[in-house]
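This is what each chain is made of:
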Amino acid sequence: MADALLLTGSKQLVTMAGPAPRRGRALGEIGAIRDGAVLIASGRIVAAGPRARVERHRVARRARRIDLGGRVVTPGLVDAHTHLVFAASRATEYEQRIAGATYEQIAKAGGGILSSVRALRAATDEALAAGARARLARMAAHGTTTVEAKTGYGLDFDNELRTLRLLRKLGRGSPEASGVEIVPTLLAAHVVPPEFRHPGGADEYVDRIVRLILPAAALEGLAEYCDVFVERGAFSVAQARRIFAAGRALGLKPRVHAEQLSRTGGARLAVEVEAASVDHLDFASGADMRSLARSEVACVMLPGCSFHLGLARYAPAQKLIEAGAIVALATDCNPGTSPTLSLPMAMSLACTQMRMTPGEALAACTINAAYSLGRQARIGSVEAGKDADLAVWDVEDYREIPYYFGVNYCVMTLKRGTVISKVC
Ligand code: NIG
Ligand code: FE
């Protein structure tokens, strides 16, 4: 095969091979192989495993070889929760919070998400695309090969659809493509927009989402998922239930922002509507955790939020893992609560603040994150037949990826066998 590629010389190849999703103890079973090799052809993994075995494969004879010089190879990282498209930072709010204001106080005063809405509405398509593209390039540089991306800073028909169309352009298959796979989620129900901030306005806005925004997104095939921020000051369980029913009827599966700043019942709703994921969970109760553990819903934890907001409370990772829930990790990249592009940083936080092992953290942002996006059969592990999505790290042991916190050791990222990021 003309385009075959053989990666050898890895000190450790972390395959994540095995059943997906991972629950309980199995989360830490990462399938590490010493001196592993990966054989790639036509963007897919042809063989992965001990070098001597992979080298004997007939395709290997004609393959171009890359010697990784003793580095570590993992599956490409999967970021299952981001708000990728935004127009400006909120560094002023960061400073206000350091001085003592809370996230909710800033939001009530018209800042927070609404300030990002004003900025996005005023931004040109070109400026939004340039910002998102630059972020995707940095994510790829940190090992990320697939990104879920939400709307939610438009909050009206034109700007929500504009954000989705931009995501389509930035995904694979267009001249503006970034190389990173994008999974689009409609989050029109992020907060109630300014035009609807009158008595009864929230329900009117929910009507608008259900009757206009969701159907238009579905008709153009622009979104895979729909999401609702279930929280005081955002949307109620009843409003979310309506949106999810409408989304489901149009083929958009639910994801839920739940139990982030208080316990509101969003996790229970996620189980009820068989959501693909329930995200945040910092305030999840014991009963929530037990019912999530019995469900197929992925629990996506976002430690960057607690870190950036300076909160002591993190999602109860250990309890969820012990209960047998499906846990995943994501950056929640957004300008308000988690302005990071780095999954390795999310892993570092998960390890030290949530007591996940490095292996559990890596599984949570590869195979289980892929599961949360319905892609576990194609991405999230290094196994024959899967897409050749890989990250190469200039470390000797995979545990050093979260250990060296705040420092990026990713040196090469491949998406479907193509190098999309490389340190020269
Ligand atoms: O996931 N919780 C709601 N949405 C974001 C915050 C968005 C913002 O503050 O701009 C989150 O934390
Ligand atoms: Fe979020």
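For clarity, every value in this text was computed on a predicted model and none was experimentally measured.

Draft legend 1. The arrangement of the overall build of the protein chain in detail. Along the backbone of the protein chain there are 16 helices and 16 strands. For 424 residues, the compact-globule estimate of 2.2 N^0.38 gives 22 Å, and the protein chain sits close to it at 21 Å. Expressed along its principal axes, the backbone C-alpha trace of the protein chain runs to roughly 70 × 45 × 45 Å. Expressed as a percentage of its 424 residues, the buried residues of the protein chain come to 60%. Summarising the internal contacts of the protein chain: among those between residues at least 6 apart in sequence, 72% fall at separations of at least 24. Carbon and sulfur atoms make up 52% of the accessible area of the protein chain, which totals about 16400 Å². Averaging the coordinates of the 52 positive side-chain charges in the protein chain and doing the same for the 42 negative ones gives two points 4 Å apart.

Draft legend 2. Layout of the pattern of salt bridges. Taken as a whole, this structure holds 31 salt bridges when the rule is applied. Put simply, Glu 148 and Lys 150 hold a salt bridge, and the shortest N to O gap is 2.8 Å. Between Lys 415 and Glu 181 there is a salt bridge, and its shortest N-O distance comes to 2.7 Å. Taken together, the residues Lys 415 in strand S15 (residues 410-415) and Glu 181 in strand S8 (residues 181-189) connect sequence positions 234 residues apart. Since its relative accessible area comes to 0%, Lys 415 is described here as buried.

Draft legend 3. Focus on the coordination of the iron ion (ligand 2). Around the iron ion (ligand 2), the protein contributes the donor atoms His 81 (NE2), His 83 (NE2), His 257 (NE2) and Asp 332 (OD), which lie 2.0 to 2.6 Å from the metal centre. Donor residues for the iron ion (ligand 2) sit on one chain with the sequence pattern H-x1-H-x173-H-x74-D. Residue His 81 shares its accessibility class with His 83, and that shared class is buried.

Draft legend 4. Quick look at a nonpolar patch on the surface. A grouping of Tyr 403, Tyr 404 and Val 407 is seen on the molecular surface, where their side chains present a nonpolar patch of about 310 Å² in accessible area. With respect to the secondary-structure elements, Tyr 404 resides in the loop between helix H16 (400-403) and S15.

Draft legend 5. Spatial organisation of the side chain of His 83. Among the structural elements, His 83 can be located in the loop between strand S6 (77-79) and helix H2 (91-98). Here the side chain of His 83 touches His 257 through a polar contact of 3.4 Å, side chain to side chain. When neighbours within four sequence positions are excluded, His 83 is seen to be in contact with Lys 150, Thr 151, Tyr 153, Leu 187, His 190, His 257, Asp 332, Cys 333 and Asn 334.

Draft legend 6. Looking closely at the domain arrangement of the protein chain. For the protein chain, the domain assignment lists domain 1 (5-75 + 380-422) and domain 2 (78-372). Taking only C-alpha atoms into account, the centre of domain 1 sits 29 Å from that of domain 2. Each partner contributes residues to the interface: domain 1 has 33 residues there, and domain 2 has 36 residues. Of the roughly 2700 Å² buried at the junction of domain 1 and domain 2 (both faces included), carbon and sulfur atoms supply 67%. Joining domain 1 to domain 2, the criterion identifies 3 salt bridges. Between Glu 296 and Arg 23 there is a salt bridge, and its shortest N-O distance comes to 3.6 Å. Viewed at the interface, domain 2 and domain 1 are joined by 12 residue pairs in polar contact (both at pLDDT 80 or more). Elements with a minimum of two residues in the side of domain 1 that touches domain 2: strand S5 (64-75), strand S14 (390-393), H16, S15 and strand S16 (418-422). Sort the elements by how many residues they give to the side of domain 1 that touches domain 2 and S15 lands first, with 4 residues. Residues of the side of domain 1 that touches domain 2, tallied by class, amount to 17 nonpolar, 9 polar and 7 charged.

Draft legend 7. View of the site of ligand 1. Lining the immediate surroundings of ligand 1 are 16 residues, of which Tyr 103, Tyr 153, Gln 260, Asp 332 and Thr 337 lie closest. Separating an oxygen atom of ligand 1 from a side-chain N or O atom of His 257 is a distance of 3.2 Å. Between ligand 1 and the protein, one listed contact pairs an oxygen atom with a side-chain N or O atom of Asp 332 at 2.7 Å. Coverage of ligand 1 by the protein amounts to 100% of the 320 Å² it exposes when considered alone. Taken together, the residues of the shell around ligand 1 sort by class into 5 nonpolar, 9 polar and 2 charged.

Draft legend 8. Looking closely at the pairing of strand S13 (residues 326-329). Residue alternation in S13 divides its side chains into two sets, Ile 326 and Ala 328 and Val 327 and Leu 329, and both sets are buried. Where strand S12 (residues 298-301) and S13 come together, 4 bridges link them in parallel fashion. Counterpart to Cys 299 in the pairing with S13 is Val 327.

Draft legend 9. Quick peek at the sheet that holds S6. Reading across the sheet, the 8 strands line up as S6-S7-S8-S9-S10-S11-S12-S13 and stay open at both edges, with parallel pairing between neighbours. On the outer flanks of this sheet lie S6 and S13, each paired with one strand and no other. Within the sheet, the average angular offset between the axes of one strand and its neighbour, ignoring direction, is 25°. Each of S8 and strand S9 (225-229) touches helix H7 (residues 201-219); the most contacted strand, S8, lies at about 155° to it.

Draft legend 10. How the structure looks around the packing of helix H5 (residues 125-141) against helix H6 (residues 157-170). Put simply, H5 and H6 touch, their axes get as near as 11 Å, and they point 50° apart. Judged on the interaxial angle alone, H6 and H5 are oblique. Along this stretch, H5 crosses H6, giving a crossing that reads as right-handed. Here Asp 125, Leu 128, Ala 129, Ala 132, Arg 133 and Leu 136 of H5 come into contact with H6, specifically with Arg 162, Leu 166 and Leu 170.

What counts and what doesn't
Residues numbered from 1 in each chain as written. Chains lettered and ligands numbered in written order. Predicted model: local features only at pLDDT ≥ 70, side-chain atom pairs only at ≥ 80, totals over all residues. Heavy atoms only, no water. Helix = DSSP H or I, 4+ residues; strand = E, 2+ residues; numbered from the N terminus. Rg over C-alpha atoms; globule rule 2.2 N^0.38 Å. Buried < 20%, exposed > 50% of the residue type's maximum accessible area, 1.4 Å probe, protein only. Contact = heavy atoms within 4.5 Å. Areas by Shrake-Rupley, 256 points an atom, 1.4 Å probe, with all protein chains shown as cover. Lys, Arg positive; Asp, Glu negative; His and termini not counted. Charge placed at Lys NZ, Arg CZ, Asp CG, Glu CD. Salt bridge = Lys/Arg side-chain N within 4 Å of Asp/Glu carboxyl O. Donors = N, O, S within 2.8 Å, 3.2 Å for Na, K, Ca; no water. Patch = residues over 30% accessible without salt bridge, like charges linked within 9 Å, V, L, I, M, F, W, Y side chains within 5 Å. Polar contact = N/O pair within 3.5 Å; in protein donor to acceptor, adjacent residues only side chain to side chain. Domains from an automatic or database assignment. Buried area = accessible area lost by both parts, 1.4 Å probe. Nonpolar A, V, L, I, M, F, W, Y, C, P; charged D, E, K, R; others polar. Near = heavy atom within 4 Å. Pairing = 2+ DSSP bridges. Axes fitted to C-alpha atoms, helices over the stretch in contact; angles between N-to-C directions. Parallel < 35°, antiparallel > 145°, perpendicular 65-115°, else oblique. Left-handed = near helix turned anticlockwise from the far one by under 90°.

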